[in-house]
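Coordinates in review
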Amino acid sequence: MSRPFDSPMPEFGVLYDDTRFWVIHRRDCYGPFDYQWSPDLYGVELLYQGEKFGECCSMHQFFADLKPFRLPTRVSEVAITVSGAVVKCLLRSVNRNERMEQVSRVLTETGLGRYQLSMRRSA
């Protein structure tokens, strides 16, 4: 687990910073989750603490497996939901502000609304 900031942790949430995010679950912080474009620029690779855990080659080909990291089930659900929403927005060229709105909406629609999305504030 990593701590992206020193202020008190909320009970649940998603902390977003540029391309990275952390899932806060029961005041524990998991991450960072991130993405990078594949070397051929045709797909997006998903990363957890710098290690690849999945990829998206098109809107119809998405693979992710966080099982090797032994994360709590709910953390994995939130991370995959956020990652999927972000990748979908990337492939559709959605701007950053709209991307955050869409990620928040997807969290709510999938029953994960208590994981409020917030932006990390730089020191």
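Let me sum up the structure you'll find in this document. What you see is a predicted model, and the numbers here were worked out from it, not measured in a lab.

Some points on the sheet that holds strand 5 (residues 51-58)
Neighbouring strands of a sheet are bound in pairs by backbone hydrogen bonds; such pairs are parallel or else antiparallel. Strand order across the open sheet formed by seven strands is 6-5-4-3-2-1-7, with mixed pairing between neighbours. Among the strands making up the open sheet, the edge pair consists of strand 6 (61-64) and strand 7 (117-119). Pairwise comparison of adjacent strand axes, ignoring direction, gives a mean angle of 20 degrees for this sheet. Relative to strand 6, strand 5 runs antiparallel, the two being bridged by four bridges.

Details of the pairing of strand 1 (residues 12-17)
Along strand 1, six of the six residues are buried, which leaves the element largely enclosed by surrounding structure. Here strand 1 shows no split at all, with Phe12, Val14 and Tyr16 on one side and Gly13, Leu15 and Asp17 on the other all buried. The sheet contact formed by strand 1 and strand 2 (residues 20-25) spans six bridges and is antiparallel. Within strand 2, the residue paired with Gly13 across the bridge is Ile24. Once strand 1 ends, the chain turns through two residues before running back antiparallel as strand 2, passing Asp18 with a positive phi of about 60 degrees. Here strand 1 runs beside strand 7; their pairing, made up of three bridges, is parallel. Note on strand 7: the bridge partner recorded for Tyr16 is Met119.

Some thoughts on the nonpolar core
Ranked by internal contacts, the top residues of the largest apolar core, which has 29 residues, are Val14, Phe21, Val23, Phe33, Val78 and Val82. Put simply, the parts of the chain that give this core at least two residues each are strand 1, strand 2, strand 3 (28-37), strand 4 (44-48), strand 5, helix 1 (73-91) and helix 2 (96-109). In terms of residue count, helix 1 provides more of this core than any other element does, eight residues in total. Other than its neighbours up to four places away in sequence, Val78 contacts Val14, Val23, Leu107, Leu112 and Tyr115.

The rules behind the values
- Position labels on residues start from 1 in each chain and follow its written sequence.
- Local features in a predicted model are, by the rule used here, given only for residues with pLDDT of at least 70; side-chain atom pairs are given and counted only at 80 or more, and totals for whole chains, interfaces and linings are based on all residues.
- The side-chain figures draw on all heavy atoms in the structure; neither hydrogens nor water molecules are used.
- Being paired, for any two strands, means DSSP has found at least two bridges between them.
- Secondary structure follows DSSP: runs of H or I at least 4 residues long count as helices, runs of E at least 2 residues long count as strands, and numbering of each begins at the N terminus.
- Every angle, taken between N-to-C directions, lies between 0 and 180 degrees, and every axis is a line fitted to C-alpha atoms, over only the stretch in contact when it is a helix.
- Working definition: with a 1.4 Å probe on protein chains only, accessible area under 20% of the residue-type maximum means buried, over 50% means exposed, and in between means partly exposed.
- Residues grouped as a nonpolar core are buried Ala, Val, Leu, Ile, Met, Phe, Trp, Tyr and Cys residues, joined through side-chain atoms within 4.5 Å.
- Two residues form a contact once any of their heavy atoms are found within 4.5 Å.

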